[in-house]
Amino acid sequence: MTGRIVKGISGFYYVFVAGSGIYECKAKGAFRKQGLKPLVGDQVEIDVLDEAEHLGNVVRILPRKNALIRPAVANVDQALVIFATDSPKPNLNLLDRFLVMMAYQDVPVQICFNKEDLGSRADKQVLKETYELAGYPVHFTQAITGEGREEIRTLLQGKTTTVAGPSGVGKSSLINGLQDHTLMETGAISQKIGRGKHTTRHSELIPIGGDSFIMDTPGFSSMYVPEIEAGGLWECFPEFVPHEPECRFQGCAHIGEPDCGIKEAVARRQIAQSRYDNYKLLYEELVQARKY
């Protein structure tokens with residue numbers, strides 16, 4: 001029997017099988033010997049041990065389209081990162097860290113600023129210009145009223161989207177508004193995987209209609225990017241790439257060197273100052289990390 005892992009907690013994997021519901025499964029020991037770990041989003045084969053109780057074993061992980069490092073999920077088409085327009089004010093350093101992580105893993109990103117009604121027109125314009133200049137689509141929503149919800153739903157159609165954002169930005173409210181509660185109507189969901197809790201503690205795959213899924217991931221307050229080499233960090237800032245050939249020196253760090261194409265683009269406002277400032281902070285973190 002084939003299904004998809006929708007949640008994993010403490011060695012148990014909850015596998016959704018179309019037409020049959022959720023099976024609570026353990027993974028075979030052979031996976032550990034092979035250095036494999038099932039991930040939320042994996043398509044898997046299971047052996048059913050008890051049909052009445054919906055218990056089984058994961059016996060095979062089917063080939064993956066991709067597997068992300070952070071968040072640890074598989075078979076993702078894109079990421080939707082949600083911050084508040086205000087209350088709390090968006091932490092752009094944290095947002096840029098997430099964008100770097102996704103760029104490093106070659107995952108396209110849609111940016112959503114929720115609580116649109118709380119932000120000033122000027123603040124929203126700055127956010128829009130900063131990230132559209134960087135090549136990212138920017139959307140504004142108001143989860144409580146549903147404003148912008150259908151635009152987001154259209155973006156997610158036919159895709160598996162990992163959704164992330166810090167606590168307090170209305171992520172859960174937006175996700176709840178997107179869900180199609182009729183797709184997994186066995187009742188096993190709330191019973192077996194605790195649906196309905198307001199705080200996300202584990203990554204979870206949620207159907208939102210047809211072949212569209214969202215992966216809700218725990219809220220984050222900080223992100224560290226140790227896998228990236230400092231010298232390659234600039235490649236994770238898409239708006240830097242066209243200007244790098246203008247640098248005078250090969251291997252330019254884009255910080256202290258003269259005749260740097262990227263610094264000149266910042267001066268011409270072709271790259272947002274906040275993005276460049278966050279690049280410098282991340283670069284220094286990565287340099288320091290290599291020393292230890």
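Scroll up for the structure.
*Asks:* Report on the overall build of the protein chain, specifying residues and quantitative values.
*Replies:* Along the protein chain, the regular secondary structure elements total eight helices and eleven strands. Looking at the protein chain residue by residue over its 292 residues, the buried ones come to 48%. Taking all contacts inside the protein chain whose residues are at least 6 apart in sequence as the whole, residues at least 24 apart take part in 67%.

*Asks:* Before we move on, can you summarise the layout of surface pockets with the specific residues and values?
*Replies:* In this approach the atoms are scanned with a rolling probe the size of a water molecule, which exposes any empty space left behind. Reported here for the second largest pocket is a volume of approximately 240 Å³. Every residue lining the second largest pocket is listed: Gly8, Ile9, Ser10, Gly11, Tyr13, Lys37, Pro38, Leu39, Val40, Ala72 and Ser203. A per-class count over the lining of the second largest pocket returns six nonpolar, four polar and one charged.

*Asks:* Outline helix H3 (residues 121-133), listing residues and values.
*Replies:* Look at H3: 18 Å from first C-alpha to last across 13 residues, which is about the 18 Å you get at 1.5 Å a residue. Within the sequence span of H3, burial applies to Lys124, Leu127, Thr130 and Tyr131. Axial view of H3: buried residues confined to an arc of 130°, hence all on one face. For H3, the exposed residues set more than 90 degrees away from the buried face come down to Arg121 and Ala122. Check the buried side of H3 and you find it contacts helix H2 (92-104), strand S7 (109-114), strand S8 (138-140) and helix H8 (273-291).

*Asks:* Any details on the packing of aromatic side chains? Residues and values, ideally.
*Replies:* Using the criterion set out here, one finds seven aromatic pairs in the structure. With 4.9 Å between their ring centres and 25° between their planes, Phe237 and Phe240 make a pair best called stacked. An angle of 90° between the planes, with centres 5.6 Å apart, marks the rings of Phe237 and Tyr279 as edge-to-face. Pair noted here: Phe237 is in the loop between strand S11 (212-216) and helix H7 (261-267) and Tyr279 is in helix H8, with a separation of 42 residues, a long-range link. Overall, the relative accessible area of 0% leaves Tyr279 in the buried class. In this structure an aromatic cluster arises from ring pairing among Phe237, Phe240, Tyr276, Tyr279 and Tyr283.

Rules and cut-offs
Residues numbered from 1 in each chain as written. Predicted model: local features only at pLDDT ≥ 70, side-chain atom pairs only at ≥ 80, totals over all residues. Heavy atoms only, no water. Helix = DSSP H or I, 4+ residues; strand = E, 2+ residues; numbered from the N terminus. Buried < 20%, exposed > 50% of the residue type's maximum accessible area, 1.4 Å probe, protein only. Contact = heavy atoms within 4.5 Å. 1 Å grid on protein atoms, 1.4 Å probe; cavity = no way out; pocket = protein on both sides within 12 Å on 5 of 7 lines; lining within 4 Å. Points joined across faces, edges and corners; volume = space filled by probe spheres on them. Nonpolar A, V, L, I, M, F, W, Y, C, P; charged D, E, K, R; others polar. Expected span 1.5 Å × (residues − 1). Arc of directions from axis to C-beta. Phe/Tyr/Trp six-rings, centres within 6.5 Å; stacked < 30°, edge-to-face > 60°.

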